[in-house]
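# Observations on chain architecture
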Amino acid sequence: MKILAIETSHDDTSIALYDTKKIIKEITVSQTSFHQLYGGTLPEFASRLHAINLPIILKELLENYDLSDIDHIAYTATPGLIGSLQMGKIFAEALALVLNKKVFPINHMHAHIYAVCFNHEIIYPSLALIVSGGHTQLWHVFDIDKIVLLGETKDDAVGEVYDKIARALKLGFPGGPLIDQISSQYEGEFYDFSLLHERNYDFSFSGLKTKVTNFINQANMKNEEIDVNKIASSFQKSVVENLIFKTKWAISQLNPASIIIGGGVAANSLLRSEFAKLHAKALIPDKKFTTDNASMIAIMSNYLLKK
Ligand code: KG4
Ligand code: ZN
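Residues numbered from 1 in each chain as written. Chains lettered and ligands numbered in written order. Predicted model: local features only at pLDDT ≥ 70, side-chain atom pairs only at ≥ 80, totals over all residues. Heavy atoms only, no water.

Once that is clear, we can look at the pattern of salt bridges. Within this structure, the stated rule accounts for 11 salt bridges. Here Asp143 ties to Lys307 by a salt bridge, and the two come within 2.6 Å at their closest N and O atoms. With Asp143 in strand E7 (residues 136–143) and Lys307 in the segment after helix H10 (294–306), this residue pair connects regions lying 164 residues apart in the sequence. You can call Lys307 exposed: its relative accessible area is 55%. Between Lys209 and Asp156 there is a salt bridge, with its nearest N and O atoms 2.9 Å apart. Here Asp156 lies in the loop between strand E8 (146–152) and helix H5 (158–168) and Lys209 lies in helix H7 (residues 206–221), a separation of 53 residues in the sequence. By sharing partners, the salt bridges in this structure join Asp156, Glu160, Lys164 and Lys209 into a single network. (Salt bridge = Lys/Arg side-chain N within 4 Å of Asp/Glu carboxyl O. Helix = DSSP H or I, 4+ residues; strand = E, 2+ residues; numbered from the N terminus. Buried < 20%, exposed > 50% of the residue type's maximum accessible area, 1.4 Å probe, protein only.)

Written out as structure tokens, the structure reads:
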């Protein structure tokens, strides 16, 4: 099955050409360098940049590949920034009209789960932890068409908090990879930023965000020098401990045959190594399939259509 997939839910414009479990080509244009100027994603500009980038990517694909024999066009339908999603949908539908193909709307979060299938076979029932810039969720996965949300963050998403703490520490944007890098080299002591670990499927990170930003602001007000590496590493330690605690608790409740991790924050080195220890079948995607990409939209639509 040959599929053209389009992902525009947030600030990456991505198109992939896929054929039976293999990516023939994926082109992703990141808008990070633009949004960096503002310390976070500007939704209106994100949609405008998708409108500019989508035809450029398509042109490059058309120069090298024949798209007339694709079976269908898949695109991210939800969730995401409304304007950005609309750009992908309109582009997919226009292309489908020209090529006389069917369009296939895909759920972005489900695709984050199935991104693991480029490297692993899912063993059902599975438990999926999806951690990204917009979401922190636990899913019970029975099959490609039976994916049940168990719980999610009640306030900030984990990636969002990474980005906010990095901004408070003046590290840059996006904060996750920067804090990850600092923490992996850090060998000192930690501050106690630990979270209350409640035994349920939901998450909450706004308390931690307030605690760490207050700590930074108070030190700044007193003109005290702050230990950026210690704060960043203590923050990450606390976040990862909480995500691991929740996953462990969910495993004890559901006894899944495998566990999956996905989403942008799943690129985090500490989280990956701790997650791997939780289950004999801990399925961890290749780092390139953790952040937003059209390849995961393609594989999801392929599995759904085969069902
Ligand atoms: O899934 P994703 O690519 O996009 C959206 O949610 O839209 O996730 C992006 C998030 C950002 O908040 C970024 O800081 C975080 O993933 N991230 C990481 C790492 N790489 C990306 N967080 C922690 N450690 C990382 N290595
Ligand atoms: Zn995402």
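One finds Val131, Phe235, Leu243 and Phe275 to be the most contacted residues of the largest nonpolar core, which totals 39 residues. Those elements giving two or more residues to this core turn out to be strand E6 (126–131), H5, helix H6 (175–185), H7, helix H8 (228–254), strand E9 (258–262) and helix H9 (269–276). Examining the composition of this core, we find that 10 residues originate from one element, H8, more than from any other. The residues contacting Phe275, other than those within four sequence positions of it, are Leu129, Ile244, Thr247, Ile259, Ile260, Ile261, Ala282, Leu283 and Ile284. In terms of nonpolar packing, the next biggest core, distinct from the first, is built from 31 residues, Cys117, Leu283, Phe289 and Ala294 among them. (Core = buried A, V, L, I, M, F, W, Y, C linked by side-chain atoms within 4.5 Å. Contact = heavy atoms within 4.5 Å.)

So, about the sheet that holds E8. If you trace the five strands from one edge of the open sheet to the other, you get E8-E7-E6-E9-E10, paired in mixed fashion. The outermost strands of the open sheet, each flanked by one partner alone, are E8 and strand E10 (282–283). Direction of pairing for E9 relative to E10: parallel, over a ladder of two bridges. Looking across to E10, one finds that Ile260 is bridged to Leu283. In this fold H9 packs onto E6, E9 and E10, with an angle of close to 175° to the strand it touches most, E9. (Pairing = 2+ DSSP bridges. Axes fitted to C-alpha atoms, helices over the stretch in contact; angles between N-to-C directions.)

The peptide bond linking Tyr124 to Pro125 adopts the cis configuration, its omega dihedral lying at -5°. As for its position among the elements, Pro125 is in the loop between helix H4 (108–114) and E6. For the peptide bond that leads from Phe173 to Pro174, omega is -5°, which places it in the cis range. Structurally, Pro174 is set in the loop between H5 and H6. For Asn223, which is not glycine, the phi torsion reads 60° and is therefore positive. Mapped onto the elements of the fold, Asn223 is located in the loop between H7 and H8. With a phi close to 45°, Asn255 is a non-glycine residue in the positive phi region.

By the element assignment, Thr290 lies in the loop between E10 and H10. A relative accessible area of 1% places Thr290 in the buried class. For the pair Thr290 and Val116, spaced 174 residues apart in the sequence, the C-alpha separation amounts to 8.6 Å. Those residues within four positions of Thr290 in sequence are excluded, and the remaining contacts are His112, Gly263, Gly264, Ala266, Ala267, Arg272 and Pro285.

With 27 residues, H8 should reach 39 Å at 1.5 Å per residue; the first-to-last C-alpha distance of 39 Å fits that figure. Where H8 terminates, the next one or two residues include Asn255, which has phi positive at roughly 45°. (Expected span 1.5 Å × (residues − 1).)

Let's shift gears to the pairing of E8. Along a regular strand, successive side chains alternate from one face of the sheet to the other. As paired elements, E7 and E8 share six bridges and run antiparallel to each other. Bridge pairing in E8 places Val141 opposite Ile147. Remark: two residues form the turn of the hairpin made by E7 and E8, two consecutive strands paired antiparallel.

Limitation: the analysis is restricted to geometry and does not speak to function.
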